[in-house]
Amino acid sequence: MAIGDAVIDTLLAGLLAVVNLLPEAVAEPFSYQFMQRALLTSIAVGLVCGVLSCFVVLKRWALLGDAISHAVLPGVAIAYLVGWPFFIGAFLAGALTALGIGFIERTTRLKSDAAIGIMFTAAFALGVVIISQVATSTHLMHVLFGNVLGVDRTNLMLTLAAGAVALVAISLGYKALFAYTFDETHARALGLNTGVIHYALILLLTLTIVASLETVGIILVVAMLIIPGSTAYLLTDRLPRMIGLAGLFGVTSTVLGLYLAFHYDVASGGAMVLVAAALFLGALLFGPRHGLLPRWWRRWQGAGVS
Amino acid sequence: MTSSAGPDTPGAGGLRRLDSDAAVSARGVYAGYHGIDAVAGVDLTIPSGELVALVGPNGAGKSTLLRLIMGLMRPRRGEIRLHGQAAAAQRRTGAVAYMPQHETLDWDFPASVRDVVFSARYPSLRRSPVRRWLPQPWVGHEHHQAVDRALRATDIAERARRHISELSGGQKKRVLLARALAQEARLLLLDEPLVGVDQNSEALIFQVLRDLRAAGQTVVLVTHDVSGVRQHADRVVLFNRSVIACGAPDELLADERLLLRTADPALARGLEAAV
Ligand SMILES: Nc1ncnc2c1ncn2[C@@H]1O[C@H](COP(=O)(O)OP(=O)(O)OP(=O)(O)O)[C@@H](O)[C@H]1O
Ligand SMILES: [Mg+2]
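Since the structure is predicted, the reported quantities are computational estimates derived from the model, not experimental observations.

**Some remarks on the domain arrangement of chain B**
All names here are of chain B.
Stage number 1. The domain boundaries assigned to chain B delineate domain 1 (1-95 + 185-275) and domain 2 (106-184).
Stage number 2. The straight-line distance from the C-alpha centre of domain 1 to that of domain 2 is 28 Å.
Stage number 3. Between domain 1 and domain 2, the residue contacts involve 19 residues of the former and 15 residues of the latter.
Stage number 4. With both sides pooled, the region where domain 1 packs onto domain 2 buries about 1,200 Å², and carbon together with sulfur makes up 63% of that total.
Stage number 5. At the junction of domain 1 and domain 2, the tally comes to one salt bridge.
Stage number 6. Where Arg174 meets Asp198, a salt bridge forms, and the shortest distance between an N and an O atom there is 4.0 Å.

**Examining the sheet that holds strand 5 (residues 85-86) of chain B**
All names here are of chain B.
Stage number 1. Strand order in the open sheet formed by four strands is 2-1-4-5, with antiparallel pairing between adjacent strands. This sheet does not close on itself; its edge strands, each paired only once, are strand 2 (36-47) and strand 5.
Stage number 2. Bridge count between strand 4 (residues 77-82) and strand 5: two bridges; the pairing is antiparallel. Paired with Arg81 across the two strands is Ala86, which belongs to strand 5.

**Some remarks on a nonpolar patch on the surface**
Residue and element names in this part refer to chain A.
Stage number 1. Taken together, Ile78, Leu81, Val82, Trp84, Ile88 and Leu92 make up a surface patch of nonpolar side chains, about 570 Å² in accessible area.
Stage number 2. Looking at the nonpolar patch, the elements that each hand over two or more residues are helix 4 (62-82) and helix 5 (86-107).
Stage number 3. Sorting elements by how many residues they give to the nonpolar patch places helix 4 first, with three residues.
Stage number 4. Inspection of the secondary structure assignment puts Leu81 in helix 4.

**Concerning the site of ligand 1**
All names here are of chain B.
Stage number 1. Looking at ligand 1, there are 15 residues lining it, with Gly59, Lys62, Ser63, Thr64 and Gln101 nearest.
Stage number 2. Asn58 is positioned with one of its side-chain polar atoms (N or O) 2.9 Å from an oxygen atom of ligand 1.
Stage number 3. His224 is positioned with one of its side-chain polar atoms (N or O) 3.5 Å from an oxygen atom of ligand 1.
Stage number 4. For ligand 1, whose unbound accessible area comes to 640 Å², protein coverage reaches 61%.
Stage number 5. No other element matches the four residues that helix 2 (residues 62-70) contributes to the shell around ligand 1.
Stage number 6. Across the shell around ligand 1, the residue classes break down as four nonpolar, eight polar and three charged.

**A look at the coordination of the magnesium ion (ligand 2)**
Residues and elements named next belong to chain B.
Stage number 1. Binding of the magnesium ion (ligand 2) to the protein goes through Ser63 (OG) and Gln101 (OE1), at separations of 1.9 to 2.1 Å. Note that Ser63 is positioned in helix 2 and Gln101 in the loop between strand 6 (96-99) and helix 4 (113-118), a separation of 38 residues in sequence.
Stage number 2. Taking relative accessible area as the criterion, Ser63 reaches 14% and is therefore assigned buried.
Stage number 3. On the basis of relative accessibility, which here comes to 25%, the residue Gln101 falls in the partly exposed class.

**Things to note about the packing of aromatic side chains**
Stage number 1. The full count for this structure, using the stated rule, is nine aromatic pairs over all chains.
Stage number 2. Summarising the aromatic geometry, the rings of Tyr174 of chain A and Phe178 of chain A are spaced 6.4 Å apart at their centres and angled 45° between planes, so their arrangement reads as tilted. Residue Tyr174 of chain A and its partner Phe178 of chain A are located together in helix 9 (residues 174-182), separated by four residues, close to a single helical turn.
Stage number 3. Here the aromatic rings of Phe178 of chain A and Phe109 of chain B are separated by 5.7 Å at their centres, their planes lie at 90°, and the arrangement is edge-to-face. With Phe178 of chain A in helix 9 and Phe109 of chain B in the loop between strand 6 and helix 4, this pair bridges two chains.
Stage number 4. Among the residues examined, Phe109 of chain B registers a relative accessible area of 1% and is labelled buried.
Stage number 5. Feature note: the residues Tyr174, Phe178 and Phe182 of chain A together with Trp107 and Phe109 of chain B constitute an aromatic cluster, connected by ring pairs.

Rules used throughout
Residues numbered from 1 in each chain as written. Chains lettered and ligands numbered in written order. Predicted model: local features only at pLDDT ≥ 70, side-chain atom pairs only at ≥ 80, totals over all residues. Heavy atoms only, no water. Domains from an automatic or database assignment. Contact = heavy atoms within 4.5 Å. Buried area = accessible area lost by both parts, 1.4 Å probe. Salt bridge = Lys/Arg side-chain N within 4 Å of Asp/Glu carboxyl O. Pairing = 2+ DSSP bridges. Helix = DSSP H or I, 4+ residues; strand = E, 2+ residues; numbered from the N terminus. Patch = residues over 30% accessible without salt bridge, like charges linked within 9 Å, V, L, I, M, F, W, Y side chains within 5 Å. Areas by Shrake-Rupley, 256 points an atom, 1.4 Å probe, with all protein chains shown as cover. Near = heavy atom within 4 Å. Polar contact = N/O pair within 3.5 Å; in protein donor to acceptor, adjacent residues only side chain to side chain. Nonpolar A, V, L, I, M, F, W, Y, C, P; charged D, E, K, R; others polar. Donors = N, O, S within 2.8 Å, 3.2 Å for Na, K, Ca; no water. Buried < 20%, exposed > 50% of the residue type's maximum accessible area, 1.4 Å probe, protein only. Phe/Tyr/Trp six-rings, centres within 6.5 Å; stacked < 30°, edge-to-face > 60°.

Structure (structure tokens):
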């Protein structure tokens, strides 16, 4: 814990030094401690979600990500009832759902989309039932919709730790992940244990979702796991560059979103996802190779010449 | 069936000695899909360092046999050993390279031709405690040279930096072959690598496969190209649900009765009974 505190203090001090380089009007909100914590959390969440979103997009796991994020609700509710930290309940519920989906897929003839649909709606329904029994608490609302301004030190530490685990795992395991993501059969021919890689990636996904709950909220966290990677995918044809860009877009979305949430007093999760969506729209329209406008421009020019 | 099996067909006892250094030895293998056997009673010994062609009609179970050897499927009965060891242990070390007949790959995946071929270096990279963690550009010369050799061997080197979606069907096939070559595995299982490949490339690929054999690697090749097999293969395995015959290409491919038996075992049995 002492080390964690020292790391957080160092990071906060570094962040503050950077923020102070900005114009007075922009830097002003960050003189509050809660805003400093929120900024550091946002950067971590944006970076990890962005990096992981590449694999979600390429593995076509958008629905799975949505499922895991919704499925953490009963875990959060039960943890709230029992008085545990919410992230323990959330992680267990998410991981159990992911295992359940895998189990249904392997043992029945149902395909993954149906298996996912069954597991996560059932889990979410359980969460709804439990929540309707307990008095609605603002804390639960924050978990549903995100409230980055209310992030406390414990949550900040959790987010940083989860983010560090995810980033280290992805960079060290990059070659195996590349083989697994592009061609699972070939990955097995290379002697890789694809089952282990599969579940490790799902655990990372669950960890990231749990770490992002307070920032973006259950309902919208999946957007941060799809949009930055998709935006980057429109802009590049190489995986390392895609991962870098997606991390950049993720951080841009969460930091700008935080700023908007503070200024206009709106839900932080919504603000962040709107920024991410705006970036996507930009790439869709103006991306040099796959963008719509450059494509129309090239066609128009081609037509003009001939 | 056993009575008139071709020359070199592995018998029950005599070849036990050979098994220890055979690249592949299958004993009494049964396997299939949804409870229906696609291969039944396969006994096969493939010595190390040979270029072996696996020939048989559509639906004979050739792809199934390669999948079994590769460990993508498990036999319902019987055993497969590779290089005298349990097959699973050999596969874990990356000693077997595989090129599937049909791929369902996402060719929009953000990777260059070189990235895809490079991925085959993973098994040998993994043996180095440091390099396995390093990014692709820093893993050391010999790995990049192996990739370059594979790219040249399949005549795809000038497209190495292209995105994989910018390839024609035959070029994609050659990239996957290059990937199998770059693994530098002791045993290569190639499922119809020559389909859709032009004649120049086919000649080049056969040349490469012969070089591999000269270097002591074993190649098992599924193909319908009988003239190519006659020219280049050391051994041909006629296959239809089980091994019909196994031996020198010139002898086996000239034997009309064997070919008929491979094409349609039931009809051949009927004819032989009538004679
Ligand atoms: N995925 C599958 N599910 C069910 N049956 C299958 C499957 N794959 C193959 N089979 C059956 O197993 C048998 C052998 O198929 P296999 O693909 O091994 O033949 P093959 O010799 O490779 O044929 P080809 O020359 O057409 O490639 C066929 O009768 C086929 O119908
Ligand atoms: Mg086949």
